[in-house]
Amino acid sequence: EDQVTQSPEALRLQEGESSSLNCSYTVSGLRGLFWYRQDPGKGPEFLFTLYSAGEEKEKERLKATLTKKESFLHITAPKPEDSATYLCAPQSSLGAQKLVFGQGTRLTINP
Amino acid sequence: DVKVTQSSRYLVKRTGEKVFLECVQDMDHENMFWYRQDPGLGLRLIYFSYDVKMKEKGDIPEGYSVSREKKERFSLILESASTNQTSMYLCASSSHNTEAFFGQGTRLTVV
C-alpha cells in the first residue's frame, strides 16, 4: 500500500531562518512526486513536480529535491508570506492516477 | 488561467438530507477527484474518475457516490448526510501524468 509521511507536523521559524521539510514515501513505482502549498480556507496550489532521484526544482525561496525514498522542500531565508501548509503527494506509475497526500507541514514564519 | 470551480464555498445541511456538491473544470482534463480534508487527517481521497461515466473508489467512499456525465463536471453526492460528514471538500482535476489543480473548496456543515 502506498504511504507518505511528512515531518515535522508544524514548524515555526523566524524570518530569514532557513530550514527543510521532509516527505518520506513508499509507492510501487514512482511516476512523479508533487508539492503543493495550501493557505487556510483555500485549495492546495501546485508548486513542483519531481520525476526522478537527483532532480531539483526551484521557485523563489523554495527548492524541492528528490531521492528514491524521500523528498525535501528547502526554504531559504523565508518571509512571513511563506507561511502556509505544505503538502507532498507521490503518484504511483502502477494502476490508476490517484494522488495520495501526506498530512502536511504547517509552516509559520514570524517577522 | 486554469480553473476548477466548486459550486459553493459554504453549505449548511440537515442530517438525512441528500446533498450535491458540484465541480466544473475548464481544462479538458481526463481525471477528476474528490477529497475531504479534516484537521489532523489531511486530504483523503473519496472518489476519482478517469473518464466520462467512469469512477473508482478512493480510500473513504462509504456514504458517498459520484456522477460524471460530462467530461468537465464531477458531482459528489451525499445520499443521506450525517454529522460526521461535516468537512472541507476539495475537487481537483488533472490530465494524464500531470499535476492536479484544485478548486477553492466547499466547507460543508451538517447539523
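Since the model is a prediction, treat every value here as computed from it, not as a measurement.

Caption draft 1: Layout of the interface of chain A and chain B. Chain A puts 18 residues into the contact, and the matching count from chain B is 24 residues. Taken together, both faces of the contact between chain A and chain B bury some 1700 Å²; the carbon and sulfur share is 52%. Together, Q97(A), K98(A) and F101(A) form the three largest contributors to the area buried by chain A at its contact with chain B, with a combined 28%. Inspection of the chain A/chain B interface yields zero salt bridges. On inspection of chain A and its partner chain B, the count reaches four residue pairs in polar contact (both at pLDDT 80 or more). Going through the elements one at a time, strand 4 (30–38) and strand 5 (45–50) of chain A are the ones with two or more residues in the side of chain A that touches chain B. In terms of residue class, the side of chain A that touches chain B is built from nine nonpolar, six polar and three charged.

Caption draft 2: Here's a closer look at the nonpolar core. Within the largest apolar cluster, 23 residues are counted, with the highest numbers of intra-cluster contacts made by L33(A), W35(A), F48(A), L62(A), L73(A), Y86(A) and L107(A). Among the elements of the structure, strand 2 (10–14), strand 3 (19–26), strand 4, strand 5, strand 7 (62–66), strand 8 (70–75), strand 9 (84–92) and strand 10 (105–110) of chain A are those that each provide at least two residues to this core. Setting aside its immediate chain neighbours within four residues, F48(A) contacts L33(A), F34(A), W35(A), K57(A), E58(A), K59(A), L62(A), A64(A) and L73(A). One finds L11(B), Y64(B), F74(B) and Y89(B) within the second-largest nonpolar core, a separate group that totals 21 residues.

Caption draft 3: Expanded view of the pattern of salt bridges. Residue and element names in this part refer to chain A. Evaluation of the coordinates by the stated rule reveals nine salt bridges over all chains. A salt bridge links E55 to K57; the nearest nitrogen and oxygen atoms lie 3.6 Å apart. Looking at E55, the relative accessible area reads 19%, which means it is buried.

Caption draft 4: Looking closely at the side chain of T106(B). All names here are of chain B. In this structure, T106 sits in strand 11 (residues 106–110). For T106, the side chain forms a polar contact with the side chain of Q6, separated by 3.3 Å. For T106, the side chain forms a polar contact with the main-chain oxygen of S8, separated by 2.5 Å.

Caption draft 5: Fine view of the state of the cysteines. A complete count under the given rule lists two disulfides over all chains for this structure. The partner cysteine of C23(A) in its disulfide is C88(A), sulfur to sulfur 2.0 Å. Sign of the S-S torsion, about 75 degrees for the bond between C23(A) and C88(A), identifies this disulfide as right-handed. Placement of C23(A) in strand 3 and of C88(A) in strand 9 is noted, with a sequence separation of 65 residues between them. With respect to burial, C23(A) and C88(A) carry one shared label: buried. In this model C23(B) forms its disulfide with C91(B); the gap between the sulfur atoms is 1.9 Å. Measuring handedness by torsion sign, the sulfur bridge of C23(B) and C91(B) sits at about -75 degrees and is left-handed. Note that C23(B) is positioned in strand 3 (residues 19–25) and C91(B) in strand 9 (residues 87–94), a separation of 68 residues in sequence.

Reading guide: rules and limits
- Residues numbered from 1 in each chain as written.
- Chains lettered and ligands numbered in written order.
- Predicted model: local features only at pLDDT ≥ 70, side-chain atom pairs only at ≥ 80, totals over all residues.
- Heavy atoms only, no water.
- Contact = heavy atoms within 4.5 Å.
- Buried area = accessible area lost by both parts, 1.4 Å probe.
- Salt bridge = Lys/Arg side-chain N within 4 Å of Asp/Glu carboxyl O.
- Polar contact = N/O pair within 3.5 Å; in protein donor to acceptor, adjacent residues only side chain to side chain.
- Helix = DSSP H or I, 4+ residues; strand = E, 2+ residues; numbered from the N terminus.
- Nonpolar A, V, L, I, M, F, W, Y, C, P; charged D, E, K, R; others polar.
- Core = buried A, V, L, I, M, F, W, Y, C linked by side-chain atoms within 4.5 Å.
- Buried < 20%, exposed > 50% of the residue type's maximum accessible area, 1.4 Å probe, protein only.
- Disulfide = S-S within 2.5 Å.

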